[in-house]
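# Tertiary structure, described
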Protein chains: 2
Amino acid sequence: MPINRRLAATTARLLPGSKQTGSSRRVLEAAIKLFAEHGYASASVRDIAAAAGVKPATIYAHYPSKEHILAEVCRIGHEEQYRGVRSAVLGSGADPRDQIVAYVSAHVGFHTTYPMLAVVSNSELHVLREELSATTFLLRRQSEDLMQEIITRGMQGGQFHVPDRWLAVAAIGGMGLRVAYWFSPEHGLTAGQVADGYAEFALRLLAARDGHGKHTAAT
Amino acid sequence: MPINRRLAATTARLLPGSKQTGSSRRVLEAAIKLFAEHGYASASVRDIAAAAGVKPATIYAHYPSKEHILAEVCRIGHEEQYRGVRSAVLGSGADPRDQIVAYVSAHVGFHTTYPMLAVVSNSELHVLREELSATTFLLRRQSEDLMQEIITRGMQGGQFHVPDRWLAVAAIGGMGLRVAYWFSPEHGLTAGQVADGYAEFALRLLAARDGHGKHTAAT
DNA sequence: AAGCTAACCGAACGAACGTTAGTTAGGCAA
DNA sequence: TTGCCTAACTAACGTTCGTTCGGTTAGCTT
């Protein structure tokens, strides 16, 4: 087991409810695994075909180009992530603290459940032409906006206090993103423990130590 | 200005004190910029040569292979990062809170000063064979261990309280890593503001909200 | 049985890849 | 001047890349 793996996970998981079937789906799963482990440019169409149990030419019966495969993977990944955090927040109470806990738990949960999908969606997106990545960037933006709205409401209500709300979004989002790289079921921590821990971290990060941010200056 | 850039920074900075000179250094700087923007596999030797104002074959007079160029970049990046956090911590007081502030400020400072170097060092390292990445992984490990030691001392002294100390290292480290991707001098926040903000975030994250972690259970 | 459709494959295309061999130009010691 | 060294160059090597094209199968409909 080499130490210089790109991520700790070893198996690719596509969404159980994906509408893809047969070879089309196996190609997608193989692409997720290979893109995650070696990167988009280093994973050849021949590699993907072999991993999917198919010949290279067959791939082009399902996808118009290698780039479109990546675009589909990124779209699926960001769609599931946004769906997850959105439904979690909607299912929580009206207290911004509950909403942040729900958001971060769902966010981390996505990265522990679909680590390879998360790695590809986040670190290979830049190779896509804007035409193919526009939808995905919109989804990412919506996820960020959702967190920022929660934080803004929390600051107005006095539950949260941060020097800069955008910086808090970047910090909380960033620490969640990295989970996909190191998380593994054999790591010693369960997915639930990581989600709970990060939710607690996010709460601490947003709430001033004196407990009531109303009395300190904000930007 | 396309939206799907891999990172916000536009200019590569090599360390001012690097011993490299002339073409050798220009090749290194060009490689940092191209590896950061397009990834190791997508940046060809011909691209690097053109950016360095040199012909492809000339590169092999300075580096034995493309892989060795990346290895050198990763080594320089991790060396500077470790040097930075280490000297910052040594220059701070004995209070773990001061040490964490010093560590995180230096860590974030590295990622805002050398964003391209940081992006390459952290996200392209996995393509290196173990033989070429061993030194770099050692440096990364030392940086992580340093933060963990600070946190451990802070927990023993009652200043810090976290459910899992390794999880705290991962969270603080992860949020700092991401800074290299979005930070830009034109972003609205100065490097100092980001460093101060993240240092504050790290302190909050480590210190229980009741202010004295001694009274709550630890794992 | 004939015909259609979707899926798949073998073979090959031109382009780009990392790398190498051999050559040239300039500076310097003898 | 001669010889040597360094640093850069030109040209090309063999390989792999993404992609395409023509043809073959399997399964269903009529």
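Above this text sits the structure in question.
Attention here is on the structure that accompanies the text. (Residues numbered from 1 in each chain as written. Chains lettered and ligands numbered in written order. Predicted model: local features only at pLDDT ≥ 70, side-chain atom pairs only at ≥ 80, totals over all residues. Heavy atoms only, no water.)

## Quick notes on the overall build of chain A
Filter applied, for reference: Put simply, DSSP marks the helices as runs of H or I at least four residues long and the strands as runs of E at least two long, and each gets a number from the N terminus on. Each residue's exposure class comes from its accessible area (1.4 Å probe, protein chains only) as a fraction of the maximum for that residue type: buried when under 20%, exposed when over 50%, partly exposed otherwise. Here, residues are in contact when the closest pair of their heavy atoms is within 4.5 Å. We get accessible surface area from the Shrake-Rupley algorithm with a probe of 1.4 Å; when it comes to residues, only the shown protein chains can shield them.
Of the regular secondary structure elements, chain A holds 10 helices and zero strands. Ordered by position from N to C terminus, the α and β elements of chain A give α-α-α-α-α-α-α-α-α-α. Along the longest, intermediate and shortest principal axes, the C-alpha atoms of chain A span 65 × 40 × 30 Å. Of all 219 residues assigned to chain A, the portion counted as buried reaches 57%. Partitioning the contacts of chain A with sequence separation of at least 6, the portion at a separation of at least 24 is 71%. Carbon and sulfur atoms form 53% of the exposed surface of chain A, whose accessible area is close to 9,400 Å².

## Description of the nonpolar core
Most often, soluble globular proteins have nonpolar side chains that are buried together. Under the convention used in this document: Working definition of a nonpolar core: buried Ala, Val, Leu, Ile, Met, Phe, Trp, Tyr and Cys residues. They are joined through side-chain atoms within 4.5 Å.
If you look at the biggest cluster of nonpolar residues, it comprises 71 residues, and the most contacted ones within it are A:Ile100, A:Tyr198, B:Ile100 and B:Tyr198. Setting aside its immediate chain neighbours within four residues, A:Tyr198 contacts A:Val104, A:Val108, A:Met175, A:Gly176, A:Val179, A:Trp182, B:Leu167, B:Ala170 and B:Ala171.

## Focus on the protein's contact with DNA strand D
Operational definition: Note on definitions. A residue lies near a molecule or strand when any single heavy atom of the residue is within 4 Å of it. Polar contacts, as used here, are pairs of N or O atoms within 3.5 Å; protein pairs need one atom able to donate a hydrogen and one able to accept it. Residues neighboring in sequence count only if both atoms are side-chain atoms. Only Asp, Glu, Lys and Arg are considered charged, only Ala, Val, Leu, Ile, Met, Phe, Trp, Tyr, Cys and Pro nonpolar, and every remaining residue, Gly among them, polar.
Around DNA strand D sit 15 residues in total, of which A:Tyr60, A:Lys66, B:Ser23, B:Lys55 and B:Thr58 are the nearest. Within 4 Å of the protein, the atoms of DNA strand D are drawn from sugar and phosphate moieties in a proportion of 56%. Contact distances for DNA strand D include 2.9 Å between a phosphate oxygen and a backbone N or O atom of A:Val45. Note that a phosphate oxygen of DNA strand D is positioned 2.6 Å from one of the side-chain N or O atoms of A:Lys66. Looking at the surface near DNA strand D, the elements that each hand over two or more residues are α2 (45-52) of chain A together with α3 (56-59) of chain B. Here the residues of the surface near DNA strand D sort into six nonpolar, five polar and four charged.

## Overview of the protein's contact with DNA strand C
Looking at DNA strand C, there are 15 residues lining it, with A:Ser23, A:Lys55, A:His62, B:Tyr60 and B:Lys66 nearest. Of all DNA strand C atoms lying within 4 Å of any protein atom, the proportion belonging to sugar or phosphate reaches 55%. Note that a phosphate oxygen of DNA strand C is positioned 2.6 Å from one of the side-chain N or O atoms of A:His62. Broken down by secondary-structure element, the contributors of at least two residues to the surface near DNA strand C are α3 (56-59) of chain A together with α2 (45-52) of chain B. Per-class residue counts for the surface near DNA strand C are six nonpolar, five polar and four charged.

## Re the relation of the copies chain A and chain B
As a reminder, the rule being used: Residues reaching a pLDDT of at least 70 in both copies supply the C-alpha atoms on which the copies are superposed by least squares.
Of the transformation superimposing chain A on chain B, the axial component is 0.0 Å and the angular component is 180°, with the fit at an RMSD of 0.0 Å. Taken together, the rotation and translation describe the operation of a two-fold axis. Relative to the rotation axis, the closest C-alpha in chain A is found at A:Met175, a distance of 2.2 Å. An overlap of 100% is found between the interface residues of chain A and their copies at the interface of chain B, pointing to a shared contact surface.

## Re the interface of chain A and chain B
Defined as follows: For any pair of parts, buried area is found by adding up, for both, the accessible area (1.4 Å probe) each one loses once the two are put together. Each reported salt bridge corresponds to a side-chain nitrogen of Lys or Arg within 4 Å of a carboxyl oxygen of Asp or Glu.
With 44 residues of chain A at the contact, the number on the chain B side is 44 residues. Interface area, chain A with chain B, both sides summed: about 3,900 Å², of which 66% is carbon and sulfur. Connecting chain A to chain B are zero salt bridges. The interface formed by chain A and chain B contains 10 residue pairs in polar contact (both at pLDDT 80 or more). Secondary structure elements with two or more residues in the side of chain A that touches chain B: α1 (22-38), α7 (130-157), α8 (165-177) and α10 (191-206) of chain A. In terms of residues, the side of chain A that touches chain B owes the most to one element, α10(A), which gives 10 residues.

## So, helix α6 (residues 115-123) of chain A
Residues and elements named next belong to chain A. Of all nine residues in α6, nine are buried, a share of seventy percent or more. Looking at α6, one finds that the buried residues are Pro115, Met116, Leu117, Ala118, Val119, Val120, Ser121, Asn122 and Ser123. Contacts from the buried residues of α6 go to α1, α4 (66-90), α5 (96-113), α7, α8 and α9 (179-182).

## Brief notes about the packing of α5(A) against α7(A)
Residues and elements named next belong to chain A. Threshold: Geometry is summarised by axes, namely lines fitted to C-alpha atoms with helices restricted to the contacting stretch, and by angles between N-to-C directions that run from 0 to 180 degrees. Relative orientations are named as follows: roughly parallel for angles under 35 degrees, roughly antiparallel for angles over 145 degrees, roughly perpendicular for angles from 65 to 115 degrees, and oblique for any other angle. Less than a right angle of anticlockwise turn of the near helix away from the far helix marks a crossing as left-handed, whereas a clockwise turn marks it as right-handed.
Look at α5 against α7: their axes get within 9 Å of each other, and the N-to-C directions meet at 155°. In this view, α5 runs roughly antiparallel relative to α7, as classed from their interaxial angle. In this structure, α5 meets α7 at a crossing whose hand is left-handed. On the side of α5, the interface is formed by Pro96, Gln99, Ile100 and Tyr103, while α7 contributes Ser143, Glu144, Leu146, Met147, Ile150, Ile151, Arg153 and Gly154.

## So, empty space enclosed by the protein
Filter applied, for reference: Grid points spaced at 1 Å over the protein atoms alone were grouped into cavities, where a 1.4 Å probe fits but cannot get out, and pockets, open sets with protein on both sides within 12 Å along at least five of seven lines, with lining residues defined by an atom within 4 Å of a point. Grid points are joined across faces, edges and corners, and a volume is the space filled by probe spheres set on the points.
Enumeration according to the criterion identifies one cavity of 30 Å³ or more in this entry. Considered as a void within the structure, the largest cavity measures approximately 160 Å³ in volume. Taken together, 20 residues form the lining of the largest cavity, with A:Gly39, A:Glu124, B:Gly39, B:Tyr40 and B:Glu124 sitting closest to its centre.

## Brief notes about the packing of aromatic side chains
Quick note on the threshold: Classification of ring pairs rests on two measures: the distance between centres of Phe, Tyr or Trp rings, Trp counted by its six-membered ring, which must be within 6.5 Å, and the angle between planes, read as stacked under 30 degrees, edge-to-face over 60 and tilted in between.
Tallying each qualifying case throughout the model produces 10 aromatic pairs over all chains. On the numbers, 4.7 Å between centres and 80° between planes, the contact of A:Trp166 with B:Trp182 is edge-to-face. Here A:Trp166, found in helix α8, pairs with B:Trp182, found in helix α9 (residues 179-182), and the two come from separate chains. Overall, A:Trp166 belongs to the partly exposed group, its relative accessible area being 27%. Look at B:Trp182 and you get buried, because its relative accessible area is 15%.

## Details of the packing of α4(A) against α5(A)
All names here are of chain A. Running from N to C, α4 and α5 cross one another at 150°; their axes reach a closest spacing of 8 Å. Taken together, the axes of α4 and α5 lie roughly antiparallel to each other. Here α4 and α5 pass one another in a crossing that is right-handed. Here α4 contributes Gly77, Glu80, Gln81, Gly84, Val85, Ala88 and Val89 to the contact with α5, which in turn contributes Gln99, Ala102, Tyr103, Ala106, His107, Phe110 and His111.

## Remarks on α2(A)
All names here are of chain A. What counts is decided by this rule: Summarising the geometry, the arc corresponds to the directions from the helix axis toward the C-beta atoms.
Of the positions making up α2, those classed as buried are Val45, Ile48, Ala49 and Ala52. Along the axis of α2, the buried positions cluster into a sector of 100°, meaning they face one direction only. Residues of α2 that are exposed and point over 90 degrees away from its buried face: Arg46, Ala50 and Ala51. Contacts made by the buried residues of α2 are with α1, α3 and α4. Positive phi shows up at glycine 53, right after α2, with a value of about 70°.

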